Amino acid sequence: MATDQDFDDFEDDEVSDGTEMSFLGHLEELRWHILRSVASFFVFAIGAWFFREFIFSSVILGPTKADFITNQILCQVGDLVNMPSLCMQKAEFILQSREVSGQFMMALSQSIIVGLLFAFPYMFHELWRFIKPGLKSKELKAARGAVFWVSLLFFTGVAFGYYVVAPMAINFLANFKLDPTIQNQFDINDYISLLSMLTLACGITFQLPMIAFVLSQVGILTPTFMREYRRHAIIVIFIVAAIITPSPDVISQLLVAFPLLGLYEISIGVSGRVLKRKMREEAMESNS
């Protein structure tokens, strides 16, 4: 039975056999990768459409509910450390659809977002398959597992945005009032846009180690540079955490800042490993 390594060796042979695909051949190959990516997106989007009521009530409105898992955990932590402010208040706002086609467009947009979210690993896999034949054997060896790590970091970031960032931001904005007589009434499409922006932005932010890997591989970024500017990065991270969590308690800000600090430290380690491997390869080449 053929293994993944067999397929990798086969593709490496295709790259190293001296043949080059024509420009039109590359376009044809790219077209099929795009078509398969679009097809995977439609499959997940259509599936999300059939489950639109469950997705909206349980997933999209989840961060607004008092029994959301994040709020339950924060309330328990608040009781342990005697900080009741950690327990988020019930989000006091009304969602409205102000257009005739508002709810239909909302269902359509949520299906598109869910389709893109779940199709992301396969879409990146198709992109990687298109790029892979053009890489050298050393580059292929260095980038092995790229699809897995990119997908893992992306979904970890999305989960962090959905379970940590979004509930805090939505709760603060929903309960913020200039005057008690003013009632918060939000358009449903604005709410979905905010939720998707927070979660997807975190998914992209969590790609920092992969960005560090690529920039270190091409020689733009070094671990020395990242260590030298670590203090600046810490200040920026805490500013971002303060903006994301407007709540005055420190623990909420630390809940957001610590994962970002961890990502920065992981990125330093990734850059260091890339640099050590490049130095080892250069030493081997010089000795030979």
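Note that this is a predicted model, so its numbers are computed, not measured. (Residues numbered from 1 in each chain as written. Predicted model: local features only at pLDDT ≥ 70, side-chain atom pairs only at ≥ 80, totals over all residues. Heavy atoms only, no water.)

(A) Focus on the overall build of the chain. Along its length, the chain carries twelve helices and two strands. In sequence order, the chain lays out its α and β elements as α-α-α-α-β-α-α-α-β-α-α-α-α-α. Within the chain, the fraction of its 288 residues that count as buried is 34%. Residue pairs in contact within the chain that sit at least 24 positions apart in sequence constitute 82% of those at least 6 positions apart. (Helix = DSSP H or I, 4+ residues; strand = E, 2+ residues; numbered from the N terminus. Buried < 20%, exposed > 50% of the residue type's maximum accessible area, 1.4 Å probe, protein only. Contact = heavy atoms within 4.5 Å.)

(B) The arrangement of the UniProt feature "transmembrane region" (unreviewed entry) in the chain in detail. According to UniProt, the positions carrying the feature "transmembrane region" (unreviewed entry) are residues 34-51, 104-125, 146-174, 194-220, 232-248 and 254-275. In the segment residues 104-125, helix accounts for 100% and strand for 0%; the C-alpha atoms at its two ends are 32 Å apart. Measuring from the first to the last C-alpha atom of residues 194-220 gives 34 Å, for a span that is 81% helix and 0% strand. (UniProt positions renumbered as here; feature names shortened; annotations may be inferred.)

(C) Fine view of the side chain of His33. Here His33 lies in helix H2 (residues 23-50). Of the residues examined, His33 reaches a relative accessible area of 3% and is grouped as buried. At 2.6 Å, the side chain of His33 forms a polar contact with the side chain of Glu126. Apart from residues lying up to four places away in sequence, His33 is in contact with Glu126, Arg129 and Phe130. (Polar contact = N/O pair within 3.5 Å; in protein donor to acceptor, adjacent residues only side chain to side chain.)

(D) Representation of the pattern of salt bridges in the model. With the rule as written, the count across this model stands at three salt bridges. Between Arg36 and Glu126 there is a salt bridge; the shortest N-O distance is 3.2 Å. Residue Arg36 is located in helix H2, and its partner Glu126 is located in helix H5 (residues 102-131); the two are separated by 90 residues in the primary sequence. Classification of Arg36 by relative accessible area gives partly exposed; the value is 27%. Owing to a relative accessible area of 0%, Glu126 belongs among the buried residues under this scheme. Taking the shortest distance from any N to any O, the salt bridge between Glu126 and Arg129 comes out at 3.5 Å. With Glu126 and Arg129 both in helix H5 and three residues apart, the pair spans about one turn of that helix. The network of salt bridges with shared partners includes Arg36, Glu126 and Arg129. (Salt bridge = Lys/Arg side-chain N within 4 Å of Asp/Glu carboxyl O.)

(E) Local environment of the packing of aromatic side chains. Inspection of the entire model under this criterion finds twelve aromatic pairs. The rings of Phe120, Phe124, Phe154 and Phe155 are connected pair by pair, giving a single aromatic cluster. Lying over the aromatic face of Trp49, Arg52 brings its terminal NZ or CZ to 4.5 Å of the ring centre. (Phe/Tyr/Trp six-rings, centres within 6.5 Å; stacked < 30°, edge-to-face > 60°. Lys NZ or Arg CZ within 6 Å of the ring centre and 35° of its normal.)

(F) Quick look at helix H8 (residues 188-205). Helix length check: H8, at 18 residues, gives a terminal C-alpha distance of 26 Å against a target of 26 Å (1.5 Å per residue), a fit within 8%. Structurally, H8 contributes buried residues whose contacts are with helix H3 (52-60), strand S1 (94-96), H5, helix H7 (146-175) and strand S2 (185-187). Two or three places before Asn189, at the start of H8, stands the capping residue Asp187, its side-chain oxygen 3.0 Å from that residue's backbone nitrogen. (Expected span 1.5 Å × (residues − 1).)

(G) Representation of the nonpolar core within the structure. Core analysis: the biggest nonpolar cluster contains 41 residues, and Ile60, Phe160, Tyr191, Leu195 and Val256 have the highest contact counts within it. Looking at this core, the elements with two or more residues in it are H3, H5, H7, H8, helix H11 (230-244) and helix H12 (250-287). In terms of residues, this core owes the most to one element, H7, which gives nine residues. Among residues more than four places away in sequence, those in contact with Tyr191 are Ile60, Leu61, Pro63, Thr64, Phe93, Leu95 and Ile170. (Core = buried A, V, L, I, M, F, W, Y, C linked by side-chain atoms within 4.5 Å.)

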